[in-house]
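Reading the structure
Now for the letters of each chain:
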Amino acid sequence: MEKIALPAALPNPLREGLVEERIPEPATMVIFGASGDLARRKLLPALYSLTRDRLLPARFAVLGFGRHAQDDDAFREEMRRGCDEFARRRPVDAALWSAFAKNLFYQQGSYDDPASFQRLKTRLEEIERTLGLPGNRVFYLSTPPSAFAPVIRSLGQAELAPQPAPGKPFARVIIEKPFGVDLETARALNRQVHEILDERQIYRIDHYLGKETVQNLIVFRFANGIFEPLWNNRFVDHVQITGAETVGVEGRGGYFEQAGILRDMVQNHLLQVLSLAAMEPPVAFEADGVRDEKLKVLKALRQIPEGDFERQVVRAQYAAGSIAGRAVPGYRSEHGVNPASTTETFVGLKLFIDSWRWAGVPFYLRSGKRLPKRVTEIAIVFKEAPHLLFGRRGDTIRPNVLSIRIQPDEGIALNFGSKLPGPALEIAPVSMEFRYGTSFGMEPPEAYERLLLDCLLGDSTLFTRGDEVEASWKWVSRIHQRWAAENAAGKTTLPAYAAGSWGPEEADRMLAADGRAWRLP
Amino acid sequence: MSPEAEKARANFERFARGEPIAVDVGEIERELGSLWQQASHDGGTGAVGRAALWNLVIPTRGSALAQTKALVDAIAPAVPVRAIILCLDDAAGGGDLAATIESHVISQPGGGRTVYSEEITLVGPAGAEAHFGAMVRALQVPGVRTATLWLDAGMPSTLLVRELLPVTRRLVVDTGSCTGPLHLQDLERLAARTQPRPVSDLGWLRLGSFRLLFAGLFDPPVGGGPLRGATKLVVRHRAGGDVSALLIVAWLGQLLGWRPLRARETPDGGLRFDLERADGGAVEAQIIPGPGACDASAILAIELHSGRDEYVVTRDAFDEAHVQLPIAPPRGVKLDAYSDADICVAALGPRGRDPLFARCLEYAGRLWSLEPQAAGSRR
């Protein structure tokens, strides 16, 4: 069928005043790996919720692409089940779903087969012509990492992702984590991607950045006058960042054996959170302004000196234990895990940022599987009052702590000491809490909703730039190299911790050596 | 005389003399605090957050009090507020100003947390409005913005202008309840007086989903070209919804730079406006009443003609619309059905400070004041 050539469209003046809605232009989203878990559990439920909230354009289509053979109706059915189970807005509205599902399509193909991508192109053009879509496209790579480069190469060969040009439809590519497995592979992948795409077209997704509290961290720091003056080494004693999970490897033993918690959580999520917590004020709240400042933090991470490695890095592996009243096996007994595995399921780190603001302030990071509760938080622990007027009364006078809860129960709490009512001068720690659910009476949107919408709008502020990825890998890869050397020399130090505990004693000793202790979030 | 009756009489006499009356602000706060403690105690899952994003002042009359309280009940789960309802009710009896308090404890999804917000109702006879301003100032949660829901045109305007506007950060009105375009002009004057504070209109917000749908017709690849060359606009509305229709014409006229020239009534009971485009071309805009299913927005259809092309959004049913444009096949779209509470919640959010509304209100006023062929019978 002949494609109709349309002149470049004039701006739509009726969008004025509707800006608050942040409605993207009509577009098609192509999901590679559409028969996978992420599409069913996260992506389609997020798109449905956006439709429900009227945040997607009236003309919008989704084309799933995968190796699995199925027709449009089967794909729609599977995605409907996913939305029934995982959509934020449930139950799914039957009439709304019916309209939404009409624009869901599926195309079977292979990621490295040029003929598959030609068929994809033909199908895309047909859908766009039928629905009156302008040719704006977002390609979501929800595939195994090994398929990232072949898919992007195939997109280039099929001329599906032309570089941005004024007045032309956009083509953007969202790439899931992990982006590389170390510095070398990340650099190589960046090179391969840049052969086809301009950096402005690339949206490396880290769903932590889509969480409301992570975004609020920027607002909290830079929209309030009272915190930023305290946010430095004059007043902050140390910072703790915790990313704890109760789950084990959940049937992904094979993947986790290759990854480990340092790759799976720290290199991306926790270092991104760290960079937002520690960065300088950006010159403007726009993509490169924010990402430039985050990059400076990542570049300022001090490499752990050879001699301090044991004092600043703890890795461990969970043993059998109990989670939520249920006995759970140790890591080495999990399906797909080598019984002699040296892969870490817990890591505790002490690191420093070599900057004027943070000189001398330790940042303690820990992340682990099979910890007692699922929680991610940043805790800013302030220095004690310079003179303890009331003397030390046991441990009742504690340092002020500002804790920023990223998940669950998103919110912020400030702990301070207060006099207990009564004639005696007793001081008790109290907490002043702000919770999203309480103060705003509504649950925040899912991270994927925000990030998919941002990509459609062309806002990459909450996506990771190529140089950020490389900077974080550069820091993390040194630790991996050290561990590899220890393993090769038969000097692996890998303490066990019971599932359901807060990690190994070695992690506690790391802080105790500095006169500090991990928070119990 | 019983002590209670004696107290009521004394209060009435003090009230009649304009003295402070028998509502103890400190006692209200103490009682609210007790309710909060009780809510925390009853919850059993830890502390209950006491929250207020707004002080929400709602003047009303006795006949509408139950409806107003139901509205507050519906708003509270979505926006924690301290609601202060000011009710004039001659049937309240005793001439006294009476206060009642209620709490709203809302469980969050999962049941683990609860939100607590408050409602204070002050009821007094005609004339009590002179005391409402001071009561509002005393009962506002400090540091929290105050919004006034001015939805009852029958309330004394002095209450709003003298007492409430000085403490109001956002005024919420409802053009949907305008009995005619004349009332629209009153609102326009009120909005002008309220500046620079935002005026949020529930009627305007009700038009939002229709405006959004219609605006979407001119996204790429169509673009704004057909709007620039528009020759005719028809807005069909439910009988009595001419204010909403006028706002739709004003919306397009404002954004597209159409200059109002004349107006006249049409045989079908509608109005026709002759307008001039920025390039000098003529646009004919009609608002036409008619039957059909629609929600409180009162709009049945918007049709824009540009050359030989038509761009149409028609409401098929309460929550469905039909979209027609030249480059794609016609299709049905589901429209959200918003309750009054949903719209009030939106009015308290970012959508409630739409500067375009004030411009469109002013434009609608200009349309209505067109001379000399304007519709005399409607004025």
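As shown above, the structure is provided for reference.
Residues numbered from 1 in each chain as written. Chains lettered and ligands numbered in written order. Predicted model: local features only at pLDDT ≥ 70, side-chain atom pairs only at ≥ 80, totals over all residues. Heavy atoms only, no water.

**Points about the overall build of chain A**
A count of helical and extended segments in chain A gives 14 helices and 17 strands. Burial status across chain A gives 55% buried among its 521 residues. A separation threshold of at least 6 residues defines the contact pool for chain A, and within that pool the share at least 24 residues apart is 77%. For chain A, the exposed surface amounts to about 22100 Å²; the carbon and sulfur share of it is 53%. (Helix = DSSP H or I, 4+ residues; strand = E, 2+ residues; numbered from the N terminus. Buried < 20%, exposed > 50% of the residue type's maximum accessible area, 1.4 Å probe, protein only. Contact = heavy atoms within 4.5 Å. Areas by Shrake-Rupley, 256 points an atom, 1.4 Å probe, with all protein chains shown as cover.)

**With respect to the packing of aromatic side chains**
Residues and elements named next belong to chain A. Tallied over the entire structure, the rule returns 23 aromatic pairs over all chains. Ring plane angle 75 degrees and centroid distance 6.5 Å describe the contact between F32 and Y111, whose orientation is recorded as edge-to-face. In this pair, F32 sits in strand β1 (residues 27-32) while Y111 sits in the loop between β3 (104-108) and α4 (114-131), placing the two residues 79 residues apart along the sequence. Taken individually, F32 and Y111 each receive the classification buried, so the pair is uniform in this respect. Arranged with centres 6.2 Å apart and planes meeting at 50 degrees, the rings of Y48 and W97 form a pair that is tilted. Here W97 lies in helix α3 (residues 94-101) and Y48 lies in helix α1 (residues 37-52), a separation of 49 residues in the sequence. Members of the aromatic cluster, connected to one another through ring pairs, are F32, F65, Y111, F117 and F139. (Phe/Tyr/Trp six-rings, centres within 6.5 Å; stacked < 30°, edge-to-face > 60°.)

**Some thoughts on the sheet that holds strand β2 (residues 60-66) of chain A**
Residue and element names in this part refer to chain A. Sheet architecture is open: six strands sit in the order β3-β2-β1-β4-β5-β6, paired in parallel fashion. Each edge of the open sheet carries a strand with a single partner, namely β3 and β6 (202-204). Averaged over all pairs of adjacent strands, the angle between strand axes in this sheet comes to 20 degrees, irrespective of strand direction. Strand direction decides the pairing type here: strand β4 (residues 137-141) and strand β5 (residues 171-175), joined by five bridges, are parallel. Its bridge partner lying in β5, V138 is registered against R172. Seen against the sheet, α4 touches β1, β2, β3 and β4 and runs at an angle of roughly 165 degrees to β2. (Pairing = 2+ DSSP bridges. Axes fitted to C-alpha atoms, helices over the stretch in contact; angles between N-to-C directions.)

**Re the pattern of salt bridges**
All names here are of chain A. What the rule picks out here adds up to 53 salt bridges over all chains. Across the pair R40 and E85 runs a salt bridge, and its minimum N-O distance is 3.8 Å. Separated by 45 residues along the polypeptide, R40 in helix α1 and E85 in helix α2 (residues 72-86) bring together distant segments of the chain. Salt bridges here are not isolated pairs; linked through shared partners, they connect D288, R291, D292, R465 and D467. (Salt bridge = Lys/Arg side-chain N within 4 Å of Asp/Glu carboxyl O.)

**A short note on the side chain of Q407 of chain A**
Residue and element names in this part refer to chain A. On the secondary structure map, Q407 appears in strand β14 (residues 401-407). Residue Q407 is classed as buried on the basis of its relative accessible area of 9%. A distance of 3.0 Å separates the side chain of Q407 from the side chain of R374, its partner in a polar contact. (Polar contact = N/O pair within 3.5 Å; in protein donor to acceptor, adjacent residues only side chain to side chain.)

**Details of a nonpolar patch on the surface**
On the surface, L389, F390 and L425 of chain A cluster together to form a nonpolar patch covering roughly 290 Å² of accessible area. Among the structural elements, L425 of chain A can be located in the loop between β15 (411-419) and β16 (427-435). (Patch = residues over 30% accessible without salt bridge, like charges linked within 9 Å, V, L, I, M, F, W, Y side chains within 5 Å.)

**Observations concerning the packing of α1 of chain A against helix α12 (residues 447-457) of chain A**
Residue and element names in this part refer to chain A. Two elements in contact, α1 and α12, have axes separated by 9 Å at closest approach and are oriented at 70 degrees. What the angle tells us is that α1 and α12 run roughly perpendicular. Relative to α12, the crossing made by α1 is right-handed. In contact with L38, K42, L43, A46, L47, S49 and L50 of α1, α12 contributes Y448, E449, L452 and L453. Looking at side-chain class alone, the contact of α1 with α12 contains eight nonpolar, one polar and two charged residues. (Parallel < 35°, antiparallel > 145°, perpendicular 65-115°, else oblique. Left-handed = near helix turned anticlockwise from the far one by under 90°. Nonpolar A, V, L, I, M, F, W, Y, C, P; charged D, E, K, R; others polar.)

**Regarding the sheet that holds strand β11 (residues 271-276) of chain B**
Residues and elements named next belong to chain B. Ordered in space as β10-β11-β12-β9-β13-β14-β15-β16, the eight strands form an open sheet in which the pairing is mixed. Pairing within the sheet leaves two strands with one partner each, and these edge strands are β10 (259-265) and β16 (328-334). The mean angle between the axes of side-by-side strands here comes to 15 degrees, regardless of whether they run parallel or antiparallel. Pairing geometry for strand β9 (residues 230-238) and strand β12 (residues 282-290), over seven bridges, is parallel.

**Examining the interface of chain A and chain B**
Counting residues at the interface gives 35 residues for chain A, matched by 46 residues for chain B. For the pairing of chain A and chain B, the buried interface totals around 3400 Å² over both sides, and the portion due to carbon and sulfur atoms is 58%. A salt bridge links R15 of chain A to D219 of chain B, with the nearest nitrogen and oxygen atoms 2.5 Å apart. Seen at the junction of chain A and chain B, the total is six residue pairs in polar contact (both at pLDDT 80 or more). Where the side of chain A that touches chain B is concerned, the elements lending two or more residues are α3, α4 and α11 (436-440) of chain A. Examining the composition of the side of chain A that touches chain B, we find that four residues originate from one element, α11 of chain A, more than from any other. (Buried area = accessible area lost by both parts, 1.4 Å probe.)

**Points about the packing of helix α4 (residues 129-139) of chain B against helix α5 (residues 157-164) of chain B**
Residue and element names in this part refer to chain B. Two elements in contact, α4 and α5, have axes whose closest approach is 9 Å; the angle formed by their N-to-C orientations is 35 degrees. The interaxial crossing formed by α4 with α5 has right-handed handedness. Along its contact with α4, which presents E129, A130, F132, G133, A134, V136 and R137, the element α5 presents L159, E163 and L164. Partitioning the contact of α4 with α5 into residue classes produces six nonpolar, one polar and three charged.

**Notes on the environment of R291 of chain A**
All names here are of chain A. With respect to the secondary-structure elements, R291 resides in helix α9 (residues 287-300). Judged by relative accessible area, which is 5%, R291 ranks as buried. For R291, the contacting residues outside a window of four places in its chain are S460, T461, F463, T464, R465 and E468. There is a polar contact of 3.2 Å between the side chain of R291 and the backbone oxygen of F463.

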